[in-house]
Amino acid sequence: MTTTDEQTEVKGARRTPFTRRRIIGGILAVALLVAAVLLGPTLWVRSASSGEIYSVAKAPARPTALVLGAGLSRDGTPSPFLAARLDVAQQLLERGAVRAILVSGDNRTHDYDEPTAMRDYLVEHGVPSEKVVLDYAGQDTYDSCTRAHRIFGAEALTVVSQSYHVPRAVAICRAVGLDAIGVGDDTAKRFTAVWEAGESREWLANIKAAWDVTTSRDPILGQRETTLDDALRAR
């Protein structure tokens, strides 16, 4: 005859495998969720930008080059990374691959004005001022791409940044409705530590980019501007 204690042991033995399966299943589900959050955005960026990144010499024609801000030096001039981006945009303009340059950066205070510094750099290097358009509210890549489309009326453009950043920029621009391609700078690789730090941050930046695109976050907006239209018409 089976005792009460023996019956309890049998029931417990039957429950144990089921409980373990539930725990293991829960762990696997969490692991898959974490993997999706961490890896999904990077896979999206790679897929969305695949085949859309070119060298200066091979870039197909687009009306506009969108140059993304990358910080200023202490004297208020473009940082070496930003200067390299501006050099790429100038090369595209001189080659006839673009007809205007939209410089988009942060103007958080009166004393910090990326777009004006970008414009001044280009003009000092021979770019006609009427070919440069300033976006003062490009506080991050998503904002710059969205404003290029919704405020400045761009439909197609070439986005310019460092080569490790270009895939994300292209993916974002295409997600917000732009026919975007990218051209990346590699000359700033000489700043090894800064370059490697930038590369390392991209996986986290990809997560933010996917969130911005998924939620359709509104950047700082305003009235439709015609300055890009004017620059494209300028001879």
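Basis of the calculations
- Residues numbered from 1 in each chain as written.
- Predicted model: local features only at pLDDT ≥ 70, side-chain atom pairs only at ≥ 80, totals over all residues.
- Heavy atoms only, no water.
- Helix = DSSP H or I, 4+ residues; strand = E, 2+ residues; numbered from the N terminus.
- Buried < 20%, exposed > 50% of the residue type's maximum accessible area, 1.4 Å probe, protein only.
- Contact = heavy atoms within 4.5 Å.
- Areas by Shrake-Rupley, 256 points an atom, 1.4 Å probe, with all protein chains shown as cover.
- Phe/Tyr/Trp six-rings, centres within 6.5 Å; stacked < 30°, edge-to-face > 60°.

### Here we look at the overall build of the protein
Of regular secondary structure, the protein possesses 7 helices and 6 strands. Tracing the protein from N to C terminus, the helices and strands come up as α-β-β-α-β-α-β-α-β-α-β-α-α. Considering the protein as a whole, with its 235 residues, one finds that 43% of them fall into the buried category. Long-range contacts, defined as pairs at least 24 residues apart, comprise 73% of the intrachain contacts of the protein with a sequence gap of at least 6. Put simply, the protein shows about 12800 Å² of open surface, and 56% of that area lies on carbon and sulfur atoms.

### Notes on the packing of aromatic side chains
One pass over the structure, following the stated rule, counts 3 aromatic pairs. Here the aromatic rings of Phe81 and Trp195 are separated by 6.2 Å at their centres, their planes lie at 40°, and the arrangement is tilted. Of this pair, Phe81 sits in helix α2 (residues 80-95) while Trp195 sits in helix α6 (residues 192-215), placing them 114 residues apart in sequence. The class of Trp195 is buried, set by a relative accessible area of 4%. Ring-pair connections join several aromatic residues into one group, and the members of that group are Phe81, Tyr164, Phe191 and Trp195.

Just geometry here; none of it tells us what the structure is for.
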